[in-house]
Amino acid sequence: MPMRFATAIAKWLEDRTGLGAALTPILGHTVPRRTASFWYVFGSSTLALFALQVATGVCLALVYVPSADQAYQSLVYLNHGAHLGWFLRAAHFWGSNAMVLVLVVHMLQVFLFGAYKYPRELTWICGVFLLLCTLGMAFTGQVLRWDQDAYWGLGIGASIASRAPGIGPGLVHVLLGGPIIGGRTLSRFFTVHVFLVPALLMALLGLHLWLVLRLGVNEWPMPGRLVDRETYRKRYEEEVQRDGVPFFPLAARKDMIAMAAVVLAVLVCAALFGPHGPRGFPDPTVIDTAPRPDFFFLWLFALFALLPAWTETFILLVGPVVAIGFLVALPFLSGAGEKSWLRRPGSVLAALLILLAIGTLTGLGTTSPWSPLMDGWSATPVPPIYVKGRSALELRGALVLQFKQCRNCHSLGGEGGLRGPALDGVASRLTRDQLIRQVLQGGGNMPAYGKNLSPAEVTALVAFMQTLHPVDEPVARTAAGPLLGPR
Ligand code: HEC
């Protein structure tokens with residue numbers, strides 16, 4: 001009886017939607033026999049990992065508070081308070097790592113099998129943008145962790161972006177939602193991570209899968225069997241007719257095994273290694289952190305640390321354009337001809353070299369004894385003319401200013417950040433007491449340094465800042481007299 005009832009419902013649904021009739025041919029469509037292989041499972045494995053990310057992500061969003069002062073605590077609560085919250089965070093973290101990894105393997109396989117060639121150019125381009133979306137998710141996800149790594153990583157990113165000629169300040173404003181890293185920055189990244197990129201990703205994914213269905217799975221590349229735009233489609237049709245196998249269940253079985261394997265691997269990693277961070281409440285006054293990006297960006301981090309600083313801006317602006325441009329142009333540059341990797345030694349070598357370079361840089365990034373040399377966002381030395389003829393106390397203050405990286409936000413002699421006012425001439429604007437109060441209590445978007453400076457350091461710092469005034473302008477003083485009273 002219940003069986004009959006279920007059948008009746010199914011029949012009713014099929015009658016109204018027609019989905020079964022539409023989907024059955026898709027599942028049963030024939031694919032070239034040799035593609036029912038474990039070489040062809042990386043795309044569906046990426047899809048499985050994406051589904052896992054959506055599922056764990058939605059669960060995390062139930063608890064995560066996207067506000068600058070509570071995000072960190074909500075993650076700590078997930079780690080230690082919520083039942084199995086740590087596992088959820090761990091699964092999302094390891095899932096994101098695995099997704100990037102498997103996606104790259106998928107791309108490599110497609111590249112080596114020549115699957116990007118005619119007529120699958122658009123499928124490849126769609127895939128390039130899927131890669132960008134995935135990396136975008138990985139990057140924005142790191143920021144949502146809202147810890148010291150996220151804060152300082154973003155700070156470094158923003159300072160590099162700010163150096164872009166002309167558009168720099170605008171770019172930083174778009175990135176951070178204002179002049180500083182704060183609540184608006186987090187809202188921005190949350191929206192991008194949770195709504196914008198996932199929507200884009202799903203739309204692209206739909207197009208990608210549609211194209212795969214429409215153009216057929218790439219046949220196993222045979223050395224010497226060239227792609228010719230005139231004859232390719234006909235030959236493909238013939239091969240599938242002559243020697244095809246139904247996608248379901250024959251090829252799909254391997255896909256399902258691989259999908260289960262990668263998801264299981266992620267869950268095992270999550271259980272064994274646990275969640276990542278959050279590492280330290282984000283605090284602009286604690287500068288002795290060594291922010292490290294997650295592994296998929298480590299190679300970039302290492303690259304920038306090793307290259308001379310002056311190349312940074314150039315590479316950051318030109319590099320992505322060249323790389324993405326090349327990937328998009330690839331199917332048009334070599335859209336026909338040989339597909340087999342056995343006959344494309346140049347392509348294989350190029351892929352190996354890129355892998356080797358990225359692998360080496362990643363290795364260096366994990367063990368790096370250095371920290372990246374980032375001029376705009378590091379302890380730029382105080383220019384000599386500001387320390388000439390100063391007392392020992394004032395000199396010590398100049399060092400404090402340098403080591404506490406005040407110039408991340410303040411410029412001196414035209415060099416340094418622009419978030420706070422330039423400090424040249426500050427002594428003619430502010431009195432000693434006002435300087436002390438500004439340093440200890442911060443305010444107006446400046447962090448309070450009260451807990452991170454010893455009284456001696458404050459005294460020295462303020463003594464140094466008091467020397468910062470034009471020669472012909474006097475130092476600001478509290479007006480002595482009964483009107484203002486004691487400060
Ligand atoms: C995160 C960015 C940031 C950092 C780091 C920072 N400041 Fe500031 N600072 C600001 C901002 C923004 C203002 C403006 C505050 C306002 O408008 O009230 C400011 C104002 C000041 C002022 C008052 C300047 C004036 O002309 O009114 C002084 C003095 C000052 N900072 C000193 C320091 C010192 C010393 C350090 C290092 C120990 C430091 N700042 C680190 C952002 C920063």
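None of the values given here were measured: they were computed from a predicted structure. (Residues numbered from 1 in each chain as written. Predicted model: local features only at pLDDT ≥ 70, side-chain atom pairs only at ≥ 80, totals over all residues. Heavy atoms only, no water.)

A. Expanded view of helix α12 (residues 295–306). Here α12 is 12 residues long and its end C-alpha atoms lie 17 Å apart, about the 16 Å a rise of 1.5 Å per residue gives. Among all positions in α12, only F296, F297, L298, F301, A302, F304 and A305 are buried. (Helix = DSSP H or I, 4+ residues; strand = E, 2+ residues; numbered from the N terminus. Expected span 1.5 Å × (residues − 1). Buried < 20%, exposed > 50% of the residue type's maximum accessible area, 1.4 Å probe, protein only.)

B. Expanded view of the coordination of the iron atom of the ligand. The iron atom of the ligand binds to the protein through H410 (NE2) and M446 (SD), with metal-donor distances spanning 1.9 to 2.0 Å. Classification of the site at the iron atom of the ligand rests on its 6 donor atoms, whose angles at the metal span 87 to 179°, yielding the label octahedral. You can see H410 sitting in the loop between α15 (392–403) and β3 (411–412) and its partner M446 sitting in the loop between α17 (432–441) and α18 (455–465), a full 36 residues away along the chain. On the basis of relative accessibility, which here comes to 11%, the residue H410 falls in the buried class. (Donors = N, O, S within 2.8 Å, 3.2 Å for Na, K, Ca; no water. Tetrahedral: all angles 85-135°; square planar, octahedral: opposite > 155°, others 65-115°.)

C. Representation of the domain arrangement of the protein in the model. For the protein, the assigned domains read domain 1 (26–291 + 317–332) and domain 2 (379–465). One C-alpha centre belongs to domain 1, the other to domain 2, and the line joining them spans 43 Å. (Domains from an automatic or database assignment.)

D. Structural view of the site of the ligand. Near the ligand there are 20 residues, and of these C406, C409, H410, R429 and M446 occur at the shortest range. Here a nitrogen atom of the ligand and a side-chain polar atom of H410 are 2.7 Å apart. R429 places a side-chain nitrogen or oxygen 2.7 Å from an oxygen atom of the ligand. Of all the elements in the fold, those that place two or more residues in the shell around the ligand are α16 (426–429), α17 and α18. Broken down by element, the residue count for the shell around the ligand peaks at 3 residues, all from α17. The class makeup of the residues in the shell around the ligand is 12 nonpolar, 6 polar and 2 charged. (Near = heavy atom within 4 Å. Polar contact = N/O pair within 3.5 Å; in protein donor to acceptor, adjacent residues only side chain to side chain. Nonpolar A, V, L, I, M, F, W, Y, C, P; charged D, E, K, R; others polar.)

E. Structural detail: the pattern of salt bridges. Enumeration over the complete set of coordinates arrives at 5 salt bridges. A salt bridge links D243 to R33; its shortest N-O distance comes to 3.0 Å. Remark: R33 occurs in the loop between β1 (30–32) and α3 (42–63) and D243 occurs in helix α10 (residues 232–243); sequence separation between them is 210 residues. On the basis of relative accessible area, R33 is assigned to the partly exposed category, the value being 43%. R343 is paired through a salt bridge with E338; the nearest N and O atoms lie 3.8 Å apart. (Salt bridge = Lys/Arg side-chain N within 4 Å of Asp/Glu carboxyl O.)

F. Just a nonpolar patch on the surface, in detail. On the surface, F5, I9, W12 and L13 cluster together to form a nonpolar patch covering roughly 440 Å² of accessible area. Along the chain, the position of L13 falls in helix α1 (residues 2–17). With relative accessibility at 42%, the residue L13 sits in the partly exposed group. (Patch = residues over 30% accessible without salt bridge, like charges linked within 9 Å, V, L, I, M, F, W, Y side chains within 5 Å. Areas by Shrake-Rupley, 256 points an atom, 1.4 Å probe, with all protein chains shown as cover.)

G. Inspection of the side chain of H208 at higher detail. Here H208 lies in helix α9 (residues 183–215). According to the relative accessible area criterion, H208 is buried, its value standing at 14%. If we ignore the near neighbours within four places in the chain, the residues touching H208 are H106, T123, C126, G127 and L130. (Contact = heavy atoms within 4.5 Å.)

H. Layout of α3. An ideal rise of 1.5 Å per residue puts 32 Å on 22 residues; α3 measures up with 32 Å between its terminal C-alpha atoms. Three or more residues of α3 are buried, namely S44, S45, T46, A48, L49, F50, L52, Q53, T56 and L60. Packing partners of the buried residues in α3 comprise α4 (71–80), α5 (85–112), α9 and α11 (247–273).

I. Examining the side chain of D255 more closely. Within the secondary structure, D255 sits in helix α11. One buried charged side chain, D255, makes no salt bridge at all; its nearest oppositely charged neighbour is K254, positioned 9.7 Å away. Discounting residues that sit within four places of it in the chain, D255 has contacts with Y40, V41, S44 and F247. (Lys, Arg positive; Asp, Glu negative; His and termini not counted.)

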